[in-house]
Each structure stands twice: as structure tokens, then as C-alpha cells.
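Structural overview
Here are the chains, one letter per residue:
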Amino acid sequence: MLTGSKTTFKVRQMLPDIKERMLSQSGVNARSRDVFGLRCLPGECVLQRAVMVRKKLTAREGRGWLSGTLFCTHFRVAFVPQDSPKPDDNADPVLLGDHDVALASIDKVVVVGPNRTKLVTPNSSLKFTPEELVLYCRDMRVICFLFDRLTPDAQVIEITYTIAKTYQPLKPGSVLSFQNAALGSVEMKQFLSNRRRDTHMNWFESTSDWEQELERCGASGWRVSSVNDRFEMSTSLPRFIVVPQKVLDTELKKSFSHFNEGRIPRWCWRHPRGSDLLRTASFQNNIYHEKDDIRNLEMILFGCQSSLCVVVELGEELPSPADIQLAHSRLRALCLGDISTSVSVPDDKWLSTLESTHWLDYTRSCLRKASEVACLLRGGHLTVALQEAEDRDVSCVVSSLVQVMCDPHCRTQRGFQGLVQKEWVMAGHRFYSRINYHRDNDKEEAPVFLLFLDCVWQLWSQYPSRFQLTEDFLLALHDSVQLPLFSSFLANCQRERCKRSQNHGQSYTPVNGWRDGPHPDSSSDPCDPPLPPVWDWALQYSKHRQDRFTQPVPPSPPLQPLLNGNLNTNPDTHKLTDTIPGSVFLFSRGTFSCPANLLPWRSTSSGIYKKSHRRAPSSEGVPSLERLLKAWALTEIPQGLTSNSGSQGPLDPFEPLLPVLMGPCMGLWKECYLRGALHAQAFSHPISANHPHPVERLAAEVQALKDKLSQASAGPDVKPPIKTAERRLTDANLNQNTNNGTFLFPASRPHGTCVSRVTAPPTSTNHQHASSRGRPPTTAAPSRSSHRDNSSKHTFLFGHSSSTEARPDQRYHPAPNTAKLPKSNGSVAS
């Protein structure tokens, strides 16, 4: 074992020579694409390797340990199992293997020695030989490697220092170096240039793509405009936007200056019942409004509807990017922990600490707002405009969630990918700033897209049979965000992507032949590697992993509307006949209002507006909005539970999948946030890792006893009870209570129960890492830490076993608003 400062100094002096020698050796072998059993990418160089290393497997991987060889290249940390098959040199390259992690995804490196742990940085000095190497990743994974007693000490120290020196980007240019390491070789550039895109997916990059979406949604009365083809009207909007057919491009150009960043109201999606969903930035109050501008603005805002427009304000109820970043940082610190520090959360306070992160509160608020918008759209024949100050963050979340809830196509893999392309990539979400790959702009960093994926997972966990995509797909997309290799995430808008692609000669050429010149401040260079889209899954995962992205979806039964007394559960029959055309209302905090400054041109004192409108609607003329929400809150007979066929969920495929927002039914994404917590902190010894955690064993025993009791009480001749509708909870505010409890694992509810087991992951306060370098794993006794884990205090609740889908009769329903709507300040458009 190497100890003492003199020995450490000598090893650190040798590292540059060792690194240079490994680079020269691997440069020759990399051309063969097979270096010591590692299948290298073209041009990839192996910097260091360590033999006889064991990788700790997670519960998803089957637990236990896997023996093999650990590599560090200038692109990734790779692990090759001992009995892995020989790589096929004729196969297409895959960026990361099943046991690999990209250097850019590593957040910190921790080593474990005899009775001590240490955080390793590029300037660290080790005074002990590590026994374990723990990699904390930005995608919430924790990867642990155990060095065998026969692993040479020099290899252990060298690979530890090599990983610590190469993973951490010290300047913005290091991300480009990472991209060149993976994709910069001549062979890789040629390979990527010949890749073909998925033709079955809508990329929303051309006029035909948007026209295809209009045809799919049946959105007549709308057209695709190329008014922003040169990004002169708005630098953050896409080249093509969808506007009403009756608005000409010459009139449309006058409207951009009236909205923040020129992000005018534009079409996103049409509900099958005839309602349109729009997105818009906030109005500019300091702009003078001409008579023609007013007419064009209202034609855009009302779209193809003439009766009613509801502006849904998102900024007041939903979290800001700073709030999302703070909540995610707290969640990360809680779920991952840190074995290099002694600070940890006690088990009996883990759930309350989780609640204090507010991550689940923000998830709940986004789902609640999307549910309200989905209920409004279901009414038919109105326009719902989502308004956010900049229209680039939470509006992406809400508009996407509404379509996931209401459109079965968006719950398929290709449909969901097209949805992300439309509402995030092309709509101008600041991926590059929000993800903060360079880690040099913390003020702009906010995982808004990860919050959206969590919301989708909440819907998937309550309605799994309604989704073709699976949890594996959501996890793969979640992890790909942290990999700075994809054009989808390495820009803030389509304009920036166009500039980079033009430097590579791969830009789309508009019809008029325009081609923008290179920007003087652009960091891209013609020599930079071409970046693939994130949807090229064959470049990231094996065929076996891709097969787990989807599942078969049963065909939707025909629509059978149910009547509950005198109430028709299809509010579209009302047709909003009592609403005066030209009415505009603001929907905020669950209520409707008509503020004077909602439309700035309608509150002006000039006579221009008065000439173009006839009269203002009264408060008694618009009860239809209240009916849209009340109809959902009063429905008592859940569709799909009136027969023994076992089908659950709404019969109409376009009925929104309204989530249950009560505490017991909102779960923590265990497979994402806790996939590194238990196996990284609970046990270190191979023998102990093969056994389940004491809390898991106790939970299994309690559940087995409950199953036996239920069988004994039911008797052998009693048939399983038939599912019947339970009494409707009349207090709609139950779904809006954010303090009803936090359940780590979403309820699986076979009998409509919304109760779930809660287990708090063990902390690492008193955890001692067992030394395994002096004893073989087959004869070692369990470590002492496992005995302490058995006697430590844990907080857990046990509930009834349940089905995989939420009961539709317990869906979220907006609270009925009994107050009359205030008098509108709008008038009838001429």
C-alpha cells in the first residue's frame, strides 16, 4: 500500500508520463476499435485501465457484483464485464455501453479507503490506496466500483487521478473537447453525416411537417406562415408558425411588436371537440395600438373561434425557473446523499425533508394547471391561450402536458418525440442555458424539462395502460439531457441550430435561397463535429434496451357517454350558446375574471377601440365556463368501472387523463431519483449487497401477512368483489391540498385504493465501508454496518396492494366556482 507524502508526490510526478504513454499506445490500438476488450469509438483513446474490478449492480440490474476491467478514455468511464462477448467490429458504433458513464455526466468522484472517504478533485493528493471508487452523476445515478485485493496499487491510483483530471470541465471549451473526443474523428463524422432520420416522426422543421400536424388534428381554418423565415420578426420563434387563414402575412408583421420578444399568439393543438390551444408571451403595454393592429391582434387571439377566448395566466401559480432549480438541488442532495461528508438526513425526518424540497408541490401544481386547461378545451368551440412572460419555460410544460392528457398520439413514442420537438425544441425553450453544460451560468440553470418528465411519469404511473411509451423511455430521455452531444439540447432556439448547421454545410435552405452568414460571436466552427439529434436512439442504446422503450397499447373502446341524472357529462352539447361573441376572460388561481388591463388596447381611452366594437358582454352571459368545470366535478359514475371486463380509464380516447393529486397518489420517481441512493449508501460488501435491505425485507413480510389475513377473512368460496363506483368526494379541495402526505412509491391500486407504502432510504450517517481488498468475497462475513442497519430507525408506512391505474372517479377535478363572472371589459369585434 502506498502511504506517505513522498510516495504520493512521486506518483503524481509520474502521472503525466503515464498519461502520455497511454495516449500514444491507445492511439495505435484505437484504429482497430478493440483495446483490451473495450470496443472503442473511432479515434477514442484509452487513458488508463484497472483490472480485477467489480461493479456494484443496482436493484434494476439484479443486484450483486460484476467482475471485469475498468477503463478511462477521454470520453467516458467504461466497464467491460469479464465474460462479455467479443465486440463485433462490423457493427455500428454505440456511444455508451450498458455499464459506461460519460465523463461530462460525472458530477464528483469519491474514493473510499480504510475507515475514511475523500472527495477527489484534479488538485487532490491521496495518502491512501482507494478500496472503492464512487462516481456521482448529474443524472442522479451513483456508480460504485470495488477494487480487488489483487488489483495493482499503481493502477488504482492512476485511474482514480485520471478520472478526476478528465471529468471536470475547467472552461467552456472543455465541452467542445468532449464532443470532439466522441464525434470528432473523420470516421465518426462520415458515419454521422450518412445517418438517416426517422421518417415516421414529425420533426416540425418544414412547412409540410406543420401541415401534416394540422391535418392530423383536423384544424381547419389555420395555415402555416413563413413570416419568420429569416428570424426577423422573432429570434426565438421557429421559422414556421401556425396562424388563422384570414390573417395575411403583411398584417401579421405588425403584431410582433405588441408581444414580449415578438412571441405572438400561435396555434399549438386542436382538441377533437373543436377547441384550440394557443401559446403567447405577455402583452407590451407601452406600444401604441393602431386600429388595424387591434383588429389583427384579436383575429390572432380568437383564432378560428368567434365566441370565447380564455387567457390562462401561468406566472402566478406555477414555479419560476429559480424555484425549480432550488427544489431540484434540494431533491438531489436528499436522494443521493454524500458518503464523503458526515451530513445526512435522519430516517425519521426523511419524508418531511422531501416535502420541504417543494419538488412534488411544483409537480402537482403543473399537473393541476394542465388539468384545468384540459377541462376547458374539452368544452369545445373556444380558444385557450397560455400566457407566460417570456413563453419559454412553464408554458412548454403546461402545453405539453395538456396534449399528453388529451391526445393518445402523444402517448406513443414517436408522438411524444414529435411533441417535444414542437413544444420545446422548435418553440425556443432555452435548453442550452437551462441545462448549463459549461457550469458557468448558475443564474440561468433550471431543469424545467426534467420537471416536465416527472409530470409525465406521474401520469404514466397512474395510467400505464394508456401509454405506449414506458418508464425506460422516460429514463433514457432523462439521462440523455445530461450528455452534451445532441443538437436538440445544445441551443436555445432554432435560429442558433440553423447557424451551427450552416457552418457544417447541413443547413436547411429556404425557398428563397436565403442563407445566414456566420455570426461573429458564434463558437461553432466548420471543424466542429456534427451533432446528432437525441432521438437517434441506436447511437446511444443497444437494440435490447430500445425494445423496452415501448409496450403494446390495447385498442380504445368506442365512445359511450354516460348520463348522471339530468346532467349530461358531455358539456359540448351546450355549445356555449349563452356566451356573447368577442368575450375574453382571464383564468387565474381557479377563477375567471375580466381585468381592465388584460388586453391593453381594450383599456385605452382613445376612440379607436370604441369604433370597432359594439357592446360589452354582461356577467350573466357567460355561465358556460363554470359549467365546463362543474360538469367534471359533479360526474359520479366513472366510465370503465361498470363492467367486469377490467378495462379502466375513460372510454373516449380523447377524454383527458386527469391525475389524482392527493398526497398518497403522488409518488416520487423511485427508478430515477433513488436508483443510486440505496445501493451506494446501504452496503459496501459484496455478500451484503446480494441481500435486500432490512426495510425491504420487513415490508415484504408485512405485506405477506396482510395478504394471508385478507385471504383468511374472505374464505375459500367467496368470489372476488366486483368493482363498483365509490361515493364521490364532494370536497374538490382535497385534490388541491399539498400537505396530505408524500409517498415515495406511487400507489398501485387494484381496488381503487389510494394508499401506498412509504419507505425512507437509509442514510449514511453511521455507515462504515467494509474493506474487501484483504478478503475474498466468497468467504467474507457480512460487514458490521449491516448489523447497525438492522437496528437503525426507519420511517415507513404500509398500505393495501393496488392496481396500476388510478380510479377515474378519483381524478382531479377543478373546484366549482359558484360566484358569477364579473362584467367583461371587452366588446364585440366588428
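Residues numbered from 1 in each chain as written. Predicted model: local features only at pLDDT ≥ 70, side-chain atom pairs only at ≥ 80, totals over all residues. Heavy atoms only, no water.

Quick look at the overall build of the protein
Helices and strands together make up the secondary structure of the protein, namely 24 helices and 22 strands. Every one of the 830 residues in the protein was classed for burial, and the buried ones make up 58%. Within the protein, contacts between residues at least 6 apart in sequence are counted, and of these 77% link residues at least 24 apart. Carbon and sulfur atoms provide 52% of the accessible area of the protein, an area that totals close to 34,100 Å². (Helix = DSSP H or I, 4+ residues; strand = E, 2+ residues; numbered from the N terminus. Buried < 20%, exposed > 50% of the residue type's maximum accessible area, 1.4 Å probe, protein only. Contact = heavy atoms within 4.5 Å. Areas by Shrake-Rupley, 256 points an atom, 1.4 Å probe, with all protein chains shown as cover.)

Re the pairing of strand β15 (residues 308-313)
Counted residue by residue, β15 has 6 buried out of 6 residues, so it is predominantly covered. Burial along β15 is two-sided: the face carrying Leu308, Val310 and Val312 and the face carrying Cys309, Val311 and Glu313 are both buried. Sheet topology places β15 next to strand β19 (residues 583-588); 5 bridges connect them, and they run parallel. Bridge pairing in β19 places Val312 opposite Phe587. Sheet topology places β15 next to strand β16 (residues 383-388); 5 bridges connect them, and they run parallel. In the sheet register, Val311 faces β16, and the bridge partner there is Ala385. (Pairing = 2+ DSSP bridges.)

Regarding the pairing of strand β5 (residues 76-81)
Taken across its 6 residues, β5 has 6 buried, putting it largely inside the fold. The alternating pattern of β5 places Arg76, Ala78 and Val80 and Val77, Phe79 and Pro81 on opposite faces, both of which are buried. The sheet contact formed by strand β4 (residues 65-73) and β5 spans 5 bridges and is antiparallel. Bridge pairing links Thr69 to Val80 in β5. Where β4 hands over to β5, the hairpin turn is made up of 2 residues, counted between the paired strands. As judged from the 2 bridges shared by β5 and strand β6 (residues 101-102), these two strands associate in the antiparallel manner. Bridging across to β6, Arg76 finds its partner in Ala102.

A short note on the nonpolar core
Counting residues in hydrophobic clusters, the biggest one holds 128 residues, and the most contacted among them are Leu401, Phe416 and Phe452. For this core, the leading source of residues is helix α14 (residues 448-462), giving 11 residues. Ignoring any residue separated from it by four or fewer positions in sequence, one finds Phe452 in contact with Val397, Ser400, Leu401, Phe416, Val420 and Trp424. Membership of the second largest hydrophobic core comes to 27 residues, among which are Ile106, Val111, Phe147 and Ile159. (Core = buried A, V, L, I, M, F, W, Y, C linked by side-chain atoms within 4.5 Å.)

Looking at the sheet that holds strand β10 (residues 142-147)
Read across the sheet, 8 strands follow the order β6-β5-β4-β3-β10-β9-β7-β8 without closing on themselves; strand pairing throughout is antiparallel. Each end of this open sheet is capped by a strand with a single partner; those strands are β6 and β8 (116-120). Summarising the sheet, strand β3 (residues 46-56) and β4 pair through 8 bridges and their orientation is antiparallel. Along β4, the bridge assignment pairs Ala50 with Leu70. Its contacts with the sheet put helix α2 (residues 153-167) on β3, β4, β5, β7 (106-113), β8, β9 (132-137) and β10, and the angle it makes with β3 is roughly 110 degrees. (Axes fitted to C-alpha atoms, helices over the stretch in contact; angles between N-to-C directions.)

Section: the confidence of the model for the protein
Looking at the protein, pLDDT values average 74 and 64% of them are 70 or higher. Across residues 1-12, confidence stays below pLDDT 50; counting only partners more than four residues off in sequence or on other chains, it has 21 contacts. Contacts of residues 557-577 to residues separated by more than four positions or lying in other chains number 37 contacts, the stretch itself having pLDDT below 50. (pLDDT = per-residue confidence, 0-100.)

Details of unusual backbone geometry
Not every positive phi belongs to a glycine, and Phe231 is a case in point at roughly 60 degrees. Positionally, Phe231 belongs in the loop between β11 (222-225) and β12 (241-244). The residue His358 is not glycine, and still its phi comes out positive at about 70 degrees. Within the secondary structure layout, His358 lies in the loop between α9 (350-356) and α10 (359-378).

Quick notes on the sheet that holds strand β13 (residues 266-270)
Pairing is mixed in the open sheet, where 6 strands are placed in the order β13-β14-β16-β15-β19-β20. Pairing within the sheet leaves two strands with one partner each, and these edge strands are β13 and β20 (591-593). Strand-to-strand twist of the sheet, defined as the mean angle between neighbouring strand axes without regard to direction, takes the value 30 degrees.

Digging into the packing of aromatic side chains
Counted by the stated rule, this structure contains 24 aromatic pairs. When the centroid spacing of 5.1 Å and the interplanar angle of 35 degrees are considered together, the rings of Phe75 and Phe178 count as tilted. A residue pair is termed long-range when its members are at least 10 positions apart, and Phe75 in the loop between β4 and β5 and Phe178 in helix α3 (residues 173-183) qualify at 103 residues. Residues Phe416 and Phe452 carry aromatic rings whose centres are separated by 5.8 Å and whose planes lie at 5 degrees to one another, so their mutual orientation is stacked. Highlighted residues: Phe416 in helix α12 (residues 413-425) and Phe452 in helix α14, separated in sequence by 36 residues. Accessibility expressed as a relative area gives 0% for Phe452, which makes it buried. (Phe/Tyr/Trp six-rings, centres within 6.5 Å; stacked < 30°, edge-to-face > 60°.)

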